[in-house]
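Here's the letter readout for the chains.
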Amino acid sequence: MTQYDTAVARYFEAWNATGPEALAKAVAAAWTEDGGYTDPLAQARGHEQLAAVIAGAQEQFPGHEFRLTGAVDGHHDMARFTWELVSTADGSAPVAATDVITLAEDGRIRSVLGFLDRVPTAG
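What this report covers is the structure whose coordinates are included nearby. All values derive from a computational prediction rather than experimental measurement.

The rules behind the values
- All residue numbers refer to position in the chain's written sequence, counted from 1.
- Residue-level local features of this predicted model are given only where pLDDT is at least 70; pairs of side-chain atoms are given and counted only at 80 or more, and the full residue set underlies all totals for whole chains, interfaces and linings.
- Water and hydrogen atoms were dropped before computing side-chain values, which therefore reflect all heavy atoms in the structure.
- Partly exposed residues are those whose accessible area sits between 20% and 50% of the maximum for their type, while under 20% is buried and over 50% is exposed, using a 1.4 Å probe and protein chains only.
- Per the convention used, a helix needs a DSSP run of H or I reaching at least four residues, while a strand needs a run of E reaching at least two, with both numbered from the N terminus.
- A pair of strands is labelled paired if DSSP reports no fewer than 2 bridges between them.
- Each reported salt bridge corresponds to a side-chain nitrogen of Lys or Arg within 4 Å of a carboxyl oxygen of Asp or Glu.
- In this analysis, two residues are considered to be in contact whenever any of their non-hydrogen atoms come within 4.5 Å of each other.
- We call two N or O atoms a polar contact when they sit within 3.5 Å, provided that within protein one can donate a hydrogen and the other can accept it, with sequence-adjacent residues counted only if both atoms are side-chain atoms.

**Observations regarding the pairing of strand β6 (residues 95–103)**
For β6, the tally of buried residues reaches seven of nine residues, placing the bulk of the element in the interior. Here strand β5 (residues 78–87) runs beside β6; their pairing, made up of eight bridges, is antiparallel. For W83, the partnering residue across the bridge sits in β6 and is A97. Pairing of β6 with strand β7 (residues 109–118), which is carried by eight bridges, proceeds in the antiparallel orientation. In the strand pairing of β7, V100 is matched with L113. Taking the residues between adjacent antiparallel strands as the criterion, β6 and β7 are bridged by five residues, where G107 takes a positive phi near 90 degrees.

Have a look at this one:
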């Protein structure tokens, strides 16, 4: 497993962590203390804000899991990958995205830039 695969695995562990304690621990394992996350709908910096963004997404999509949808592609201190938010009940995936991460020297994430490829339509 490459440093990129390891970082992305920790990233998904954070997004899929349940409960405040597990979420806080997973965020700390995945991101540096001042790590950030930016996508069209959210911006966060630091462990507390990151955990709040993740908890908000989990509340908005109960019964869903974030899943990697292809290979992780990395070079230097950057990697990109695609993912879907998948319903554990029926396998539908209302959200899909491409993320680009920058890693710190310790292998944790310094920043995430997310690009939403598919989002639910208002109905």
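**Section: the pattern of salt bridges**
In total, this model carries six salt bridges according to the counting rule given. Between R108 and E33 there is a salt bridge, with the nearest N and O atoms lying 3.2 Å from each other. Of the two residues, R108 sits in the loop between β6 and β7 while E33 sits in strand β1 (residues 31–39), which places them 75 residues apart along the sequence. Note that R67 is salt-bridged to E65, the shortest N-O span being 3.2 Å. When its relative accessible area of 34% is taken as the criterion, E65 is described as partly exposed. Sharing partners across several salt bridges, the network here consists of E33, D106 and R108.

**Quick look at the environment of N16**
Following the sequence through the fold, N16 ends up in the loop between α1 (3–15) and α2 (20–30). Accessibility expressed as a relative area gives 29% for N16, which makes it partly exposed. For the pair N16 and L85, spaced 69 residues apart in sequence, the C-alpha separation works out to 10 Å. Those residues in contact with N16, other than ones at most four positions away along the chain, are Q58, E65 and F66. Polar contacts involving the side chain of N16 include one to the main-chain amide nitrogen of F66, which spans 2.8 Å.

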